[in-house]
Amino acid sequence: MGLSGKSVAFHTLGCKLNFAESSTISRDLQGAGMTLTELKSGADVVIINTCSVTNQADVECRSIVRKALRANPEAFIVVTGCYAQLRPSEIAAMDGVDLVVGAQEKLHLRQFLTDLTKQDEAIIHSCEIQDVENYQAAYSLGDRTRAFLKVQDGCDYKCTYCTIPMARGISRSAPLDQAVSQARALVQRGVQEVVLTGVNIGDYGKGEFGNKRHDHRFIDLLHGLDEVDGLDRIRISSIEPNLLSNEVIDFVSHSQRFVPHFHIPLQSGNNEILGKMKRRYQRELYQQRVEAILARTPDACIGVDVIVGFPGETEEHFLDSYQFLANLPIGYLHVFTYSERPGTEAIHLDGVVPPVERKARNHRLRLLSAQKQKNFALRHRGTIRRVLWEEANREGLMFGYTENYIRVQCPFDADRAGTVEHVMLGEWGSHDGLDVQPIQQQSPVAS
Ligand code: SF4
């Protein structure tokens, strides 16, 4: 059965990597003659790309399946992504699901769309994660301005709360020349900002040619991408603190393309909890990385991932972590509430924190994050920066980010949407960002 003329809708959960992979599958299916449509418009095929980081994955997956079938009871439902790799039979048992596709097969799922009739029993195409060794390229092309470029996949670390290594497999990387040529292709399509995406991208180079060797290092990738003509901005989506070398920090501080924004997972500001998480550093190393960045690039934005409510986290541990974060010169926090994940070491640890307490700690850190974000933005008031405007018109406003990740807003202007321009940073506005004024490029720009 040909796919030509059939419609397909996507619902993607989770991280930038999942969006890059959904976008790549979508391009492949459109290349086979399918038309992309919205879930609510009743598609012939619905692809749900799942996440496994929280224990909400199954709840979310079920509700999307129901929503898709409400829009088209005959829709052929495909579930893929991390949750599908971790628990294929559980998903196959869900009413309405026709096909479950694992990590190895997901970017080639077109080959399984040969018969789109609803199945009495869902078909599973998946293999053991130990057998997933090859690297599959992907990049997103959501709106034209910004693209997520996958450069690495999988992880060899063993953090005790994390399911990602079980869902995505061993650490492996895009061949360097492939990553560079994909960045060039994105520039030719008008993309102005590329966000480097992966699971543990600081480990880039491992498994580049299907082996466990490190043929290149992360810094080699940065050098390669820094040569891509016409690529205006490159953002590193996230990097482990123990893999953030002075070499990388130096390189970014001198590069015209790599933006001064570092998102660095910390997970806890208390060393005892870091030990229980089996993170590969203590907080002193983290602080030292922050200081090393700001010594070279004083206006760099540093974002922090932190988990609250990890087993054994007492009020004292939490306050110690809170104080450590409060004292750090950072720009914002991404706060996650610990959730028990089957197959992880952490679920066997003592000292379970009551959900109501986890929620309260999450709230306290989000308040701290809002304060940090506002203080960081206001510190740059009156300076001139380059902003990449998003294309969307949101209730007459348009939004964008400066290189150092300050969210800005101004009245929507179709001629300026999707462009990079110099702006004067103004006061704190109505939507968690600074109001800005466009300026003619005579005045000096903040370096
Ligand atoms: S570094 Fe740790 S938290 Fe991150 S993906 Fe690997 S195991 Fe998970």
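The structure we're discussing is the one just above.
Values in this document were obtained by computation on a predicted structure and should not be read as measured data.

Caption draft 1: Region of the structure containing the overall build of the protein. A tally of regular secondary structure across the protein gives twelve helices and 19 strands. On C-alpha atoms alone, the protein measures out to a radius of gyration of 22 Å, which is about the 22 Å that the 2.2 N^0.38 rule sets for 447 residues. With the C-alpha coordinates aligned to their principal axes, the bounding extent of the protein is approximately 65 × 55 × 45 Å. Every one of the 447 residues in the protein was classed for burial, and the buried ones make up 54%. In the protein, the proportion of contacts linking residues at least 24 apart, taken out of those at least 6 apart, comes to 72%. A total accessible area of about 19000 Å² is found for the protein, and carbon and sulfur atoms account for 51% of it. The protein carries 49 positive and 56 negative side-chain charges, and their two centres are separated by 2 Å.

Caption draft 2: Quick look at the site of the ligand. Neighbouring residues of the ligand: Cys155, Tyr157, Cys159, Tyr161, Cys162, Ile164, Pro165, Val199, Glu240 and Arg279. Its residues placed into classes, the shell around the ligand shows eight nonpolar, no polar and two charged.

Caption draft 3: Fine view of the environment of Gly5. Along the polypeptide, Gly5 turns up in the segment before strand S1 (7–12). The contacts of Gly5, once residues within four sequence positions are left out, are Gly33 and Asp44.

Caption draft 4: Spatial organisation of the sheet that holds strand S12 (residues 261–267). Taken in spatial order, the three strands make up an open sheet running S12-S13-S14, and their pairing is parallel. Unpaired on one side and paired on the other, S12 and strand S14 (332–337) mark the two borders of the sheet. In this sheet, adjacent strand axes meet at a mean angle of 20° when their direction is disregarded. Direction of pairing for S12 relative to strand S13 (residues 301–308): parallel, over a ladder of six bridges. Bridge pairing links His263 to Gly303 in S13. Across the sheet, helix H12 (residues 355–378) is in contact with S13 and S14; its angle to S14 comes to roughly 165°.

Caption draft 5: The arrangement of the sheet that holds strand S18 (residues 420–428) in detail. Reading around the circumference, S15-S16-S17-S19-S18 is the order of the five strands in this closed barrel, with mixed pairing throughout. The average angle at which neighbouring strand axes cross in this sheet is 50°, direction not considered. One ladder, built from three bridges, connects strand S15 (residues 384–389) with strand S16 (residues 397–402); its direction is antiparallel. Residue pairing across strands places Leu388 opposite Tyr401, the latter belonging to S16. Across the face of the sheet, H12 comes into contact with S18 and strand S19 (434–438) while running at roughly 115° to S18.

Cut-offs applied
Residues numbered from 1 in each chain as written. Predicted model: local features only at pLDDT ≥ 70, side-chain atom pairs only at ≥ 80, totals over all residues. Heavy atoms only, no water. Helix = DSSP H or I, 4+ residues; strand = E, 2+ residues; numbered from the N terminus. Rg over C-alpha atoms; globule rule 2.2 N^0.38 Å. Buried < 20%, exposed > 50% of the residue type's maximum accessible area, 1.4 Å probe, protein only. Contact = heavy atoms within 4.5 Å. Areas by Shrake-Rupley, 256 points an atom, 1.4 Å probe, with all protein chains shown as cover. Lys, Arg positive; Asp, Glu negative; His and termini not counted. Charge placed at Lys NZ, Arg CZ, Asp CG, Glu CD. Near = heavy atom within 4 Å. Nonpolar A, V, L, I, M, F, W, Y, C, P; charged D, E, K, R; others polar. Pairing = 2+ DSSP bridges. Axes fitted to C-alpha atoms, helices over the stretch in contact; angles between N-to-C directions.

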